[in-house]
Amino acid sequence: MTQPSATPKTPGGSRSPVAAHPVTSAVIAILILASIFFAVWVPLYASTTPKIGDFPFFYAYLLIYMPALAIVMWIVISLQGRRRPRPGAENPAGAGHDEAAR
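Everything numeric here is computed off the predicted structure, so don't read it as measured data.

Rules and cut-offs
Residues numbered from 1 in each chain as written. Predicted model: local features only at pLDDT ≥ 70, side-chain atom pairs only at ≥ 80, totals over all residues. Heavy atoms only, no water. Helix = DSSP H or I, 4+ residues; strand = E, 2+ residues; numbered from the N terminus. Contact = heavy atoms within 4.5 Å. Areas by Shrake-Rupley, 256 points an atom, 1.4 Å probe, with all protein chains shown as cover. Axes fitted to C-alpha atoms, helices over the stretch in contact; angles between N-to-C directions. Parallel < 35°, antiparallel > 145°, perpendicular 65-115°, else oblique. Left-handed = near helix turned anticlockwise from the far one by under 90°. Nonpolar A, V, L, I, M, F, W, Y, C, P; charged D, E, K, R; others polar. Patch = residues over 30% accessible without salt bridge, like charges linked within 9 Å, V, L, I, M, F, W, Y side chains within 5 Å. Salt bridge = Lys/Arg side-chain N within 4 Å of Asp/Glu carboxyl O. Buried < 20%, exposed > 50% of the residue type's maximum accessible area, 1.4 Å probe, protein only. Phe/Tyr/Trp six-rings, centres within 6.5 Å; stacked < 30°, edge-to-face > 60°. Expected span 1.5 Å × (residues − 1). Arc of directions from axis to C-beta.

A. Quick peek at the overall build of the protein chain. Assigned secondary structure in the protein chain consists of four helices and two strands. Listing every helix and strand of the protein chain by position from the N terminus yields α-α-β-β-α-α. In the protein chain, once contacts between residues fewer than 6 apart in sequence are set aside, the share between residues at least 24 apart is 61%. About 8,200 Å² of surface is accessible on the protein chain, with carbon and sulfur atoms providing 68% of the total.

B. Expanded view of the packing of helix α2 (residues 22-40) against helix α3 (residues 57-83). Relative to each other, α2 and α3 sit at 160 degrees, their axes nearing to 10 Å. One element, α2, and the other, α3, form an angle in the roughly antiparallel class. Two packed elements cross with a definite hand, and for α2 against α3 that hand is left-handed. Residue-level contacts link T24, S25, V27, I28, L31, I32, S35, F38 and A39 of α2 to Y61, Y65, L69, V72, M73, I75, V76, L79, Q80 and R83 of α3. Along the lines of polarity and charge, the residues of the contact of α2 with α3 split into 14 nonpolar, four polar and one charged.

C. Summary view of a nonpolar patch on the surface. A cluster of nonpolar side chains, I32, L33, I36 and V40, forms an exposed patch at the surface whose accessible area comes to about 370 Å². By secondary structure assignment, the location of I36 is in helix α2. With relative accessibility at 46%, the residue I36 sits in the partly exposed group.

D. Focus on the side chain of S35. Mapped onto the elements, S35 comes out in helix α2. What makes S35 buried here is its relative accessible area of 10%. If we ignore the near neighbours within four places in the chain, the residues touching S35 are Y65, L69 and M73.

E. Spatial organisation of the packing of aromatic side chains. Summed over all chains, the structure comprises five aromatic pairs. An angle of 70 degrees between the planes, with centres 5.3 Å apart, marks the rings of F37 and F38 as edge-to-face. Among the residues examined, F37 registers a relative accessible area of 41% and is labelled partly exposed. Ring centres of F37 and W41 lie 5.4 Å apart, and the angle between their planes is 15 degrees; this geometry places the pair in the stacked category.

F. Looking closely at α2. Compared with the 27 Å implied by 1.5 Å per residue over 19 residues, the 27 Å span of α2 between its first and last C-alpha is a close match. Among all positions in α2, only T24, S25, I28 and S35 are buried. Take α2 and look down its axis: the buried residues cluster within an arc of 105 degrees, on one side only. Exposed side of α2, more than 90 degrees from the buried face: V23, I30, L33 and V40 are the residues found there.

Spatial relationships are all this shows, so hold off on functional conclusions.
Written out as structure tokens, the structure reads:
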């Protein structure tokens, strides 16, 4: 048998990061899905007629897409870092330890 913990649970402490930050999670999902869409949707870049200089459009598309994808992934990583709980946010100043000792 296990005993229940003496520290009280904070409201919302057991919530997942997605439930705690729904807007941030939605933005992350949209950015990732958009980056996959623009890589997978072949008719967008599978043409030879628009040329930029001596390059076919596919090469120019890749030269634009890869730096743009790097920026999007940097934004996604930054947003994911904001979703992580801060150390000490759930149990400020060790309040649960003092109450458990009494």
